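Residues per chain, in single letters:
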Amino acid sequence: MSRLIDISLPVSNALPTWPGDPAVSLEREGKIEEGSVANVSRLNAGVHTGTHVDAPLHFIPNDIGVDQLDLDKFVGLCQVIELAGEGRITAADLEGASVAADTERLLIKTRNSAWWQEQPLRFHTEFRALDSTAARWVVTRGLKLVGVDYLSVEPFEAEENHPTHGILLGARVGVIEGLDLHAVTPGRYRLICLPLKLVGSDGAPARTVLEVLED
Ligand SMILES: [Zn+2]
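Description of the structure in this document. (Residues numbered from 1 in each chain as written. Predicted model: local features only at pLDDT ≥ 70, side-chain atom pairs only at ≥ 80, totals over all residues. Heavy atoms only, no water.)

1. Considerations on the coordination of the zinc ion
In an ideal tetrahedron of four donors about a metal, each angle is 109.5 degrees. In an ideal octahedron of six donors, the angles are 90 or 180 degrees.
Then comes step 1: Note on the zinc ion: its protein donors are His 48 (ND1), His 52 (NE2), Asp 54 (OD) and Glu 177 (OE). The metal-donor distances range over 2.0 to 2.4 Å.
Then comes step 2: Around the zinc ion sit four donor atoms, and with donor-metal-donor angles ranging over 75 to 168° the site reads as irregular.
Then comes step 3: Motif for the zinc ion, donor spacing along one chain: H-x3-H-x1-D-x122-E. Here Asp 54 is found in strand 4 (residues 52–54), whereas its partner Glu 177 is found in strand 8 (residues 174–177), with 123 residues between them in sequence.
Then comes step 4: What makes Glu 177 buried here is its relative accessible area of 2%. (Donors = N, O, S within 2.8 Å, 3.2 Å for Na, K, Ca; no water. Tetrahedral: all angles 85-135°; square planar, octahedral: opposite > 155°, others 65-115°. Helix = DSSP H or I, 4+ residues; strand = E, 2+ residues; numbered from the N terminus. Buried < 20%, exposed > 50% of the residue type's maximum accessible area, 1.4 Å probe, protein only.)

2. What about empty space enclosed by the protein?
Then comes step 1: All chains considered together, the criterion is met by one cavity of 30 Å³ or more.
Then comes step 2: Of the pockets and cavities examined, the largest cavity occupies roughly 60 Å³.
Then comes step 3: Lining the largest cavity are Asp 54, Pro 56, Leu 69, Asp 70, Lys 73, Phe 74, Leu 169, Arg 172, Val 173, Gly 174 and Val 175.
Then comes step 4: For the lining of the largest cavity, the class distribution of residues is six nonpolar, one polar and four charged. (1 Å grid on protein atoms, 1.4 Å probe; cavity = no way out; pocket = protein on both sides within 12 Å on 5 of 7 lines; lining within 4 Å. Points joined across faces, edges and corners; volume = space filled by probe spheres on them. Nonpolar A, V, L, I, M, F, W, Y, C, P; charged D, E, K, R; others polar.)

3. Observations regarding the packing of aromatic side chains
Then comes step 1: A full pass over the atoms with the stated rule returns nine aromatic pairs.
Then comes step 2: With 5.5 Å between their ring centres and 85° between their planes, Trp 115 and Tyr 150 make a pair best called edge-to-face. With a gap of 35 residues between them, Trp 115 in the loop between strand 6 (105–109) and helix 2 (132–140) and Tyr 150 in the loop between strand 7 (145–148) and helix 3 (163–170) connect regions that are remote in the sequence.
Then comes step 3: Relative accessible area serves as the criterion here: at 11%, Trp 115 is assigned to the buried category.
Then comes step 4: Taking relative accessible area as the criterion, Tyr 150 reaches 0% and is therefore assigned buried.
Then comes step 5: Taking the centre distance of 5.8 Å and the plane angle of 55° together, the rings of Phe 123 and Tyr 150 count as tilted. Of this pair, Phe 123 sits in the loop between strand 6 and helix 2 while Tyr 150 is found in the loop between strand 7 and helix 3, placing the two residues 27 residues apart along the sequence.
Then comes step 6: Of the residues examined, Phe 123 reaches a relative accessible area of 17% and is grouped as buried. (Phe/Tyr/Trp six-rings, centres within 6.5 Å; stacked < 30°, edge-to-face > 60°.)

4. Notes on the side chain of Thr 17
Then comes step 1: The residue Thr 17 is located in the loop between strand 1 (4–6) and strand 2 (25–30) in this model.
Then comes step 2: Among all residues touching Thr 17, those that are not within four sequence positions of it are Pro 22, Ala 23, Val 24, Phe 123 and Leu 151. (Contact = heavy atoms within 4.5 Å.)

Dropping the structure here:
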């Protein structure tokens, strides 16, 4: 049995993207059956496609891009918690979620993860995400990273001026969006998340896995 759980979304033309963001286009341009030496595909997509990391530059002008992120935040021990219910995730929800005192990286599983099993996939606006009180809780707890199971860490109907992104990215908390946690049991794992080294980019897709820890 593999010790790695892949929690990345499959990137294909069927993957929903944020309304207004570029749709994914993955097409084979060079084709062996049409005389090319090799099969060569072209990918056209936004940098916030699928499972991805947000850089501070996403919401903070002139801040660092994804190529300058500290990868130490994205690799290491993490805790996966599961929050039942609907609506915005608040500080009270996180406070009641038994986050261990030594947790530095927190992944939050919600009902959102079940949507990644839908056929066909579609964009949901009613996803669970962190409100500003939850974002402040993350910063106050000194977490290095927070990961969520939908395409934004902030609710679709955001509070004024998108405080969740501003609070988290302003404090240099690592942010992973678009995790698929449907097959993950809450608990402790080793997180490995490596965003593409896109120079000066506000975000980047990231193959992301959890390593099951030895007993
Ligand atoms: Zn993003």
